[in-house]
Amino acid sequence: MNIFSVLNRAFVLVVLVIALSFALTGCVSTDVSSGVDAVQLMVRFDQAYIPFLAMTSKGEQGASIKAMGILSGEWSVLRPEIQALYPDDNSVGKYLAEVDSTLSQAFSEMGKQVPLIEVHEILEGVKKPLTDLRRDHGIEYYPDLLDEYHTVMEEILTELGGKSADQLNASDLQLLQTYAENGSNKWNIIASAEFNQELYGFSAEKAQSLQSSIVNAQKQESAFLEMVEAGDVSALMQESTRLKGAYTQVYLQFGNFDRLKS
């Protein structure tokens, strides 16, 4: 084979490898950039969404109306910005349409003056499409870890709901132990996960408050697990009421409640 032919082929191969390397590097950079941008947009959404969720849970009509207006305004801006990050992904449009539908239903029910807890339950449905969107695009989002614990907590509270201490049997305790062990593992994951306070708009003081509330939630879950393992039914039922409070203390810190005061 002609030596020049061999050299030409080698040269072409090197050029292709270099070009591919630059292309891959460009893709990684774009994905990382898009991921950070997406997190920032999601943070802004939750800062408006969580107060509306909280006020409807508490049954505070005036504050709920104000929170609804803030969320509505934010979503009208954030929706096209999120869509613009993924212009060629049809699934993103589908997820955002689901959020549109759920928010529209919640806003409509607010206008009908239905019990606010019903609006709250509708609003809970906003979480899944956004979680699915982040999962599809490999976006790590700290509050998603909290939502994973929330699911476990609801399993515990549902299992205990409407029951008295003498109605819990060995099968119930075994199920509660499984839930409590899972819940304890979730809090350990939350506590050890990396948290970029600047990305989430937390000051050093607020980040410390978040850490303290997470430690408290871990302790509450551990105490509940110990009571379940010991079969101390009366104590575990009292402790179960503290699980939601400890979780809420952590989760609400991702909302911006200052705008409700202005």
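Computed from a predicted structure; not experimentally measured.

Reading guide: rules and limits
Residues numbered from 1 in each chain as written. Predicted model: local features only at pLDDT ≥ 70, side-chain atom pairs only at ≥ 80, totals over all residues. Heavy atoms only, no water. 1 Å grid on protein atoms, 1.4 Å probe; cavity = no way out; pocket = protein on both sides within 12 Å on 5 of 7 lines; lining within 4 Å. Points joined across faces, edges and corners; volume = space filled by probe spheres on them. Helix = DSSP H or I, 4+ residues; strand = E, 2+ residues; numbered from the N terminus. Nonpolar A, V, L, I, M, F, W, Y, C, P; charged D, E, K, R; others polar. Axes fitted to C-alpha atoms, helices over the stretch in contact; angles between N-to-C directions. Parallel < 35°, antiparallel > 145°, perpendicular 65-115°, else oblique. Left-handed = near helix turned anticlockwise from the far one by under 90°. Contact = heavy atoms within 4.5 Å. pLDDT = per-residue confidence, 0-100. Phe/Tyr/Trp six-rings, centres within 6.5 Å; stacked < 30°, edge-to-face > 60°. Buried < 20%, exposed > 50% of the residue type's maximum accessible area, 1.4 Å probe, protein only. Lys NZ or Arg CZ within 6 Å of the ring centre and 35° of its normal.

A. Summary view of empty space enclosed by the protein. One pass over the full model with this rule turns up one cavity of 30 Å³ or more. Considered as a void within the structure, the largest cavity measures approximately 90 Å³ in volume. Along the walls of the largest cavity sit 13 residues, with Asp-46, Tyr-49, Lys-127, Arg-134 and Asp-147 positioned nearest its centre. Mapped onto the lining of the largest cavity, the elements with two or more residues apiece are α1 (3-58), α5 (127-136) and α6 (142-160). Sorting elements by how many residues they give to the lining of the largest cavity places α5 first, with four residues.

B. Just the layout of surface pockets, in detail. What the second largest pocket holds in volume is close to 350 Å³. Looking at the second largest pocket, it is lined by 17 residues, and the ones nearest its centre are Ser-57, His-120, Glu-124, Lys-244 and Thr-248. Those elements that place two or more of their residues in the lining of the second largest pocket are α1, α4 (116-123), α6 and α9 (233-251). No other element matches α1, which puts five residues into the lining of the second largest pocket. Partitioning the lining of the second largest pocket into residue classes produces eight nonpolar, four polar and five charged.

C. Inspection of the packing of helix α3 (residues 90-111) against α5 at higher detail. The contact between α3 and α5 brings their axes to 8 Å, and the two run at 160°. Considering the angle they form, α3 stands roughly antiparallel to α5. In this structure, α3 crosses over α5, and the sense of that crossing is left-handed. Of the residues in α5, those touching α3 at Ser-91, Val-92, Tyr-95, Leu-96, Glu-98 and Val-99 are Pro-129, Leu-130, Asp-132, Leu-133, Arg-135 and Asp-136. Along the lines of polarity and charge, the residues of the contact of α3 with α5 split into seven nonpolar, one polar and four charged.

D. Region of interest: the confidence of the model for the protein. Residues of the protein with pLDDT of at least 70 account for 87%, and the chain-wide mean is 88. Scored below 50 in pLDDT, residues 1-33 shows two contacts in the model against residues more than four places distant or in partner chains.

E. Broad picture of the packing of aromatic side chains. All told, the structure shown has 14 aromatic pairs when counted by the stated rule. Here Tyr-149 and Trp-187 contribute two aromatic rings whose centre-to-centre distance is 4.8 Å and whose plane-to-plane angle is 45°, an arrangement assigned as tilted. Of the two residues, Tyr-149 is situated in helix α6 and Trp-187 in helix α7 (residues 170-192); the sequence distance between them amounts to 38 residues. With respect to class, Tyr-149 is no different from Trp-187; both count as buried. Here the aromatic rings of Phe-195 and Tyr-200 are separated by 5.1 Å at their centres, their planes lie at 25°, and the arrangement is stacked. Between the NZ or CZ atom of Lys-206 and the centre of the ring of Phe-202, over which it lies, the distance is 4.4 Å.

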